[in-house]
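# A structural walkthrough
The residues making up each chain are set out below.
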Number of protein chains: 2
Amino acid sequence: MKKKKKNENSSKIFKYHDHEACFGDAITLIEDYFIEKKLQLTPLRRKVFEILIEDHKPLGAYEILDKLGKAGFSSSPPIAYRVLDFLMEHGFVHKVQGLNAFIACSNPEHSHFPTFVICRKCEKVAEVSDDKTRLNLSSPEITDFKIEKTTIELTGICSTCENAEIR
Amino acid sequence: MKKKKKNENSSKIFKYHDHEACFGDAITLIEDYFIEKKLQLTPLRRKVFEILIEDHKPLGAYEILDKLGKAGFSSSPPIAYRVLDFLMEHGFVHKVQGLNAFIACSNPEHSHFPTFVICRKCEKVAEVSDDKTRLNLSSPEITDFKIEKTTIELTGICSTCENAEIR
DNA sequence: CATTACATGTTATAACATAACATAATTGTA
DNA sequence: TACAATTATGTTATGTTATAACATGTAATG
Ligand SMILES: [Zn+2]
Ligand SMILES: [Zn+2]
Ligand SMILES: [Zn+2]
Ligand SMILES: [Zn+2]
């Protein structure tokens, strides 16, 4: 087994997410953004974002609704979907298509074309940015189509879950 | 405006799908595959594949169910979903996540990692293979994850629809 | 022809998402 | 301030997509 002394953990997208920093930054970022754009960071919107950033894992709309209900907000479906749409428009939330779930954005630069890496066993999801991961998409041969949005989701198994599998 | 004399149409993935060839090939391919693998290409399975390859566009499960009903088959949801799952397992059908729809595979080699290019206006979908389009995915920096499946969907507008937009 | 595996049928329900309309809060302006 | 316009939230109903659980039928194997 090879040892990498330098940058040993930079490639371990699942294990080394510094969520404490992530969490604090995220709240500051959204506050600043909303002020700058003159948008209303209402209690409801803030709560939805907090719910998503708290565990920083994908949640279904109805899980979010439950949590909203417990926090005293209305918990009828449109409430969640509307706020999620709004937060998605502004890049603070993404939808993970493969899970029908929503996740707080962990990319301060708001690359609106994130790549998600999804463990099929623990359902942990890592958001990776194009530049950091060299997940490159280019299409020189497609000339009759203008790409506006990309959905890239990589499903598989994380090393933790793989090691736990006895077979 | 530049003129390209050579290979002018190879890049026009939307306009130049030779579906007549595609259709004939697809039926032969699935028949051969099922024989080789000793699988049952039952009337139901054949019908579902025919429905999908006929127009060669994505269809929702319930659209497929309608067509099955009209063809004399049962049209309760599990019928469609089971057959679709089976055909997907064997690479003859893919799910287009962005549309919650299913599409016949147009890649004879059964590359199980297709890329879909989806026009948001006409909802036409082109399946493109990695080699033909140079849509390349590589992740040298991800070391703690084993990719088993990829979902790559590019949404935007095709040239036909763009030209039709008056603005 | 019995056993087993595979395939299909059926009913009910779960999970995900939106339409349409009502009310309330915020913002801009006379 | 009063008013209008805009934005945000609440509510009810319904539409859409997908699966669980169990029953029946059909094909392959020895
Ligand atoms: Zn985080
Ligand atoms: Zn895992
Ligand atoms: Zn075709
Ligand atoms: Zn189009």
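What you see is a predicted model, and the numbers here were worked out from it, not measured in a lab. (Residues numbered from 1 in each chain as written. Chains lettered and ligands numbered in written order. Predicted model: local features only at pLDDT ≥ 70, side-chain atom pairs only at ≥ 80, totals over all residues. Heavy atoms only, no water.)

### Things to note about the overall build of chain A
Along its length, chain A carries six helices and five strands. Secondary structure of chain A in N-to-C order comes out as α-α-α-α-β-β-β-β-α-β-α. Counting only residues that meet the buried cut, chain A has 43% of its 167 residues in that class. Across chain A, contacts joining residues at least 24 apart in sequence account for 52% of those joining residues at least 6 apart. Here chain A has roughly 9600 Å² of accessible surface; of this, 50% comes from carbon and sulfur atoms. (Helix = DSSP H or I, 4+ residues; strand = E, 2+ residues; numbered from the N terminus. Buried < 20%, exposed > 50% of the residue type's maximum accessible area, 1.4 Å probe, protein only. Contact = heavy atoms within 4.5 Å. Areas by Shrake-Rupley, 256 points an atom, 1.4 Å probe, with all protein chains shown as cover.)

### Focus: the protein's contact with DNA strand D
Close to DNA strand D lie 17 residues, the nearest being Thr42, Ser76 and Arg82 of chain A together with Tyr62 and Lys95 of chain B. One nitrogen or oxygen atom from the side chain of Arg82 of chain A is found 2.6 Å from a base nitrogen belonging to DNA strand D. The contact in question runs from a base nitrogen of DNA strand D to an N or O atom on the side chain of Tyr62 of chain B, over 2.5 Å. Among the elements of the structure, helix 2 (43-55) and helix 4 (77-89) of chain A together with helix 4 (77-89) of chain B are those that each provide at least two residues to the surface near DNA strand D. For the surface near DNA strand D, the per-class residue count stands at eight nonpolar, six polar and three charged. (Near = heavy atom within 4 Å. Polar contact = N/O pair within 3.5 Å; in protein donor to acceptor, adjacent residues only side chain to side chain. Nonpolar A, V, L, I, M, F, W, Y, C, P; charged D, E, K, R; others polar.)

### Some thoughts on the coordination of the zinc ion (ligand 4)
Around a metal, the perfect tetrahedron of four donors has angles of 109.5 degrees, and the perfect octahedron of six donors has angles of 90 or 180 degrees. Residues and elements named next belong to chain B. For the zinc ion (ligand 4), the full set of protein donor atoms is Cys119 (SG), Cys122 (SG), Cys158 (SG) and Cys161 (SG), at a range of 2.2 to 2.4 Å. One way to put it: the four donor atoms around the zinc ion (ligand 4) meet at angles of 104 to 119 degrees, and that makes the site tetrahedral. Spacing between the donor residues of the zinc ion (ligand 4) along their common chain follows C-x2-C-x35-C-x2-C. You can see Cys119 sitting in strand 3 (residues 115-119) and its partner Cys161 sitting in helix 6 (residues 159-164), a full 42 residues away along the chain. (Donors = N, O, S within 2.8 Å, 3.2 Å for Na, K, Ca; no water. Tetrahedral: all angles 85-135°; square planar, octahedral: opposite > 155°, others 65-115°.)

### Some thoughts on the packing of helix 1 (residues 19-36) of chain B against helix 2 (residues 43-55) of chain B
Describing two packed helices takes the angle between their axes plus the distance from one axis to the other. Residue and element names in this part refer to chain B. In contact at an axis separation of 10 Å, helix 1 and helix 2 are set at 160 degrees when each is read in the N-to-C sense. Accordingly, the angle class assigned to the pair helix 1 and helix 2 is roughly antiparallel. Handedness of the helix 1/helix 2 crossing: right-handed. Only Arg45, Arg46, Phe49, Glu50, Ile53 and Glu54 of helix 2 make contact with helix 1, whose side of the interface consists of His19, Cys22, Phe23, Ala26, Ile27, Ile30, Glu31 and Phe34. Each residue belonging to the contact of helix 1 with helix 2 can be placed in one class, and the counts come to eight nonpolar, one polar and five charged. (Axes fitted to C-alpha atoms, helices over the stretch in contact; angles between N-to-C directions. Parallel < 35°, antiparallel > 145°, perpendicular 65-115°, else oblique. Left-handed = near helix turned anticlockwise from the far one by under 90°.)

### Here we look at the nonpolar core
If you look at the biggest cluster of nonpolar residues, it comprises 27 residues, and the most contacted ones within it are Phe34, Val48, Phe49, Leu52, Ile64, Leu84 and Leu87 of chain A. Looking at this core, the elements that each hand over two or more residues are helix 1 (19-36), helix 2, helix 3 (61-70), helix 4 and strand 2 (101-104) of chain A. Ignoring any residue separated from it by four or fewer positions in sequence, one finds Ile64 of chain A in contact with Val48, Ile51, Leu52, Leu59, Leu84 and Phe102 of chain A. The next biggest cluster of nonpolar side chains, apart from the first, holds 26 residues, and it includes Val48, Phe49, Val83 and Leu87 of chain B. (Core = buried A, V, L, I, M, F, W, Y, C linked by side-chain atoms within 4.5 Å.)

### A few points about the environment of Glu127 of chain B
Residues and elements named next belong to chain B. Its location among the elements puts Glu127 in strand 4 (residues 125-128). Relative accessible area serves as the criterion here: at 16%, Glu127 is assigned to the buried category. Note: C-alpha distance between Glu127 and Ala104 (23 residues apart in sequence) is 9.5 Å. Contact partners of Glu127, with chain neighbours within four places excluded, come to His94, Ala104, Cys105, Ser106, Asn107, Pro114, Thr115 and Phe116.

### Comments concerning the pattern of salt bridges
In this structure the tally under the stated criterion is six salt bridges over all chains. When the shortest N-O distance is used, the salt bridge between Glu162 of chain B and Lys146 of chain A registers 2.6 Å. Of this pair, Glu162 of chain B sits in helix 6 while Lys146 of chain A sits in strand 5 (residues 145-158), which puts the two residues in different chains. Judged by relative accessible area, which is 39%, Lys146 of chain A ranks as partly exposed. (Salt bridge = Lys/Arg side-chain N within 4 Å of Asp/Glu carboxyl O.)

### Things to note about helix 4 of chain A
Residues three or four positions apart in an α-helix share a direction because the helix packs 3.6 residues into each turn. All names here are of chain A. The end-to-end C-alpha separation of helix 4 is 18 Å, in line with the 18 Å expected for 13 residues at 1.5 Å each. Those residues of helix 4 lying buried are Ile79, Ala80, Val83, Leu84, Phe86 and Leu87. Taken down its axis, helix 4 places every buried residue within 160 degrees of arc, on the same side. Opposite the packed face of helix 4, turned more than 90 degrees from it, sit the exposed residues Arg82 and Glu89. (Expected span 1.5 Å × (residues − 1). Arc of directions from axis to C-beta.)

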